[in-house]
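Next come the chains, spelled out residue by residue.
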Amino acid sequence: MSEYDVEHPHGMHVVHDGPRQAPPLLLIHGSGASGASWSPVVPALAAHHHVIRVDLPGCGQSPSALSYDVPVQAGRVAAVLDDLGLRPVTAVGHSSGGYVATALAEQRPDLVRSLALISTGPGTDALLPQPVLLRVLLAPPFGPLLWSTRSDAMIRRGISVTCARPVEVPDDLVADLRGTTYRAMRTVLRRNTAYIAERRVPERLTALDVPVLVIFGAADRRWEPSSAHQYDAVPNARVELLPGVGHIPMLEAPETTSKLLLGFTATAADTLPVIPQA
């Protein structure tokens, strides 16, 4: 039913799941995370799609890079898709991964069939005060010291504080987060903020002619949940609010998230998803 393969093109760790002949589905993680953040939803998605997970430079198992600007990151992803000969794809981004997915569609509309944004804040004004643990980890004077001495338990806690319900954090995600440096994380966060400060995401999407699915936790602890409705102004956009779910629906509600994504890809393609024969 599925295949598993790993590549390292263009300085990125790339993991393939599912049959290569199935419709392509690109998954882009959020700030400082990795492709492992998608692990709970991959089995369901890979039953219908060729799933491509990337670790953006400086995150997970990908080495650091000279630039973490969102358009530059999108260009690197485009180069990977070009090498694979995949077009068009459904690009799915979690949190700031939604910015990279949006920038990819802006730069290369030939590569993107549709966009799904999960917990992607629409603009800087929607950002909530961050949990205390994250503020301490990500800012001087204690951040640099604590970051280098984080235990697995602290990493799991840092992930869990953004969730609204108990979650099981995948071991490979914890291992990947350990490899992300403090400097890379801080720089990525600044570049992401610069991208949405320059132009809000709903405005960017309005200029694109692609179907859009927005999934937001109704109890998101990083972004104001009601800000999800700013995407209502985007033509061809559908907004789904998940009750009792926080910032990471893939971990908190994997079954619901998978069903929404599969329903969207089927509708966006105007065809039923390809279901490989056993």
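Data block above holds the structure.
Keep in mind that what you see is a predicted model, and the values were worked out from it rather than measured.

**Student:** How would you sum up the overall build of the chain? Please name residues and give values.
**Tutor:** The helix and strand tally for the chain stands at 11 helices and 8 strands. Taken over C-alpha atoms, the radius of gyration comes to 17 Å for the chain, in line with the 19 Å a tight globule of 278 residues would show. Taken across its 278 residues, the chain has 55% of its residues classed as buried. The contacts of the chain with a sequence gap of at least 6 include a subset with a gap of at least 24, amounting to 75%. Carbon together with sulfur atoms contributes 57% to the accessible area of the chain, which is approximately 11500 Å² in total. Of the charged side chains in the chain, 23 are positive and 26 negative, and the gap between their average positions amounts to 7 Å.

**Student:** How would you summarise helix α6 (residues 152-160) if you had to cite specific residues and measurements?
**Tutor:** Among all positions of α6, only Ile155, Gly158 and Ile159 are buried. Across the axial projection of α6, the buried residues extend over an arc of 100°, all falling on one side. Exposed and oriented more than 90 degrees from the buried face of α6 are Ala153 and Arg157. Here the buried face of α6 lies against α4 (132-138), α7 (171-178) and α10 (249-252).

**Student:** So what about the packing of helix α2 (residues 70-84) against helix α3 (residues 97-107)? Which residues, and what values?
**Tutor:** Where α2 meets α3, the axes come as close as 8 Å, and the angle between the chain directions of the two elements is 70°. The pairing of α2 with α3 is recorded here as roughly perpendicular in orientation. Judged by the sense of rotation from one axis to the other, the crossing of α2 with α3 is right-handed. For the pair α2 and α3, the contacting residues are Val70, Pro71, Gln73, Ala74, Gly75, Val77, Ala78 and Leu81 in the first and Tyr99, Val100, Ala103, Leu104 and Gln107 in the second. When the residues that make up the contact of α2 with α3 are grouped by side-chain class, the tally is 10 nonpolar, 3 polar and no charged.

**Student:** Explain the pairing of strand β6 (residues 112-118) to me, using residue names and the numbers behind them.
**Tutor:** Residues in a regular strand point their side chains to alternate faces of the sheet. The element β6 is extensively covered by neighbouring structure, given that 6 of its 7 residues are classed as buried. Alignment of strand β5 (residues 89-94) against β6, held across 6 bridges, turns out to be parallel. Within β6, the residue paired with His94 across the bridge is Ile118. A crossover connection joins β5 to the parallel β6 through α3; in handedness this β-α-β unit is right-handed. Relative to strand β7 (residues 212-217), β6 runs parallel, the two sharing 4 bridges. Note that in β7 the partner of Leu115 across the bridge is Val212.

**Student:** Summarise the packing of aromatic side chains; cite the residues concerned and give the values.
**Tutor:** Working definition: an aromatic ring pair is given by the centre-to-centre distance plus the angle between the planes. Taken as a whole and judged by the stated rule, the model has 2 aromatic pairs. Aromatic pair Tyr99 and Tyr195: ring centres 5.9 Å apart, planes at 40°, arrangement tilted. Pair noted here: Tyr99 is in helix α3 and Tyr195 is in helix α8 (residues 182-198), with a separation of 96 residues, a long-range link. Between Trp147 and Tyr182 the ring centres are 6.1 Å apart and the planes differ by 65°, which places this aromatic pair in the edge-to-face class.

Cut-offs applied
- Residues numbered from 1 in each chain as written.
- Predicted model: local features only at pLDDT ≥ 70, side-chain atom pairs only at ≥ 80, totals over all residues.
- Heavy atoms only, no water.
- Helix = DSSP H or I, 4+ residues; strand = E, 2+ residues; numbered from the N terminus.
- Rg over C-alpha atoms; globule rule 2.2 N^0.38 Å.
- Buried < 20%, exposed > 50% of the residue type's maximum accessible area, 1.4 Å probe, protein only.
- Contact = heavy atoms within 4.5 Å.
- Areas by Shrake-Rupley, 256 points an atom, 1.4 Å probe, with all protein chains shown as cover.
- Lys, Arg positive; Asp, Glu negative; His and termini not counted.
- Charge placed at Lys NZ, Arg CZ, Asp CG, Glu CD.
- Arc of directions from axis to C-beta.
- Axes fitted to C-alpha atoms, helices over the stretch in contact; angles between N-to-C directions.
- Parallel < 35°, antiparallel > 145°, perpendicular 65-115°, else oblique.
- Left-handed = near helix turned anticlockwise from the far one by under 90°.
- Nonpolar A, V, L, I, M, F, W, Y, C, P; charged D, E, K, R; others polar.
- Pairing = 2+ DSSP bridges.
- Right-handed = clockwise from strand over helix to strand, strands pointing away.
- Phe/Tyr/Trp six-rings, centres within 6.5 Å; stacked < 30°, edge-to-face > 60°.

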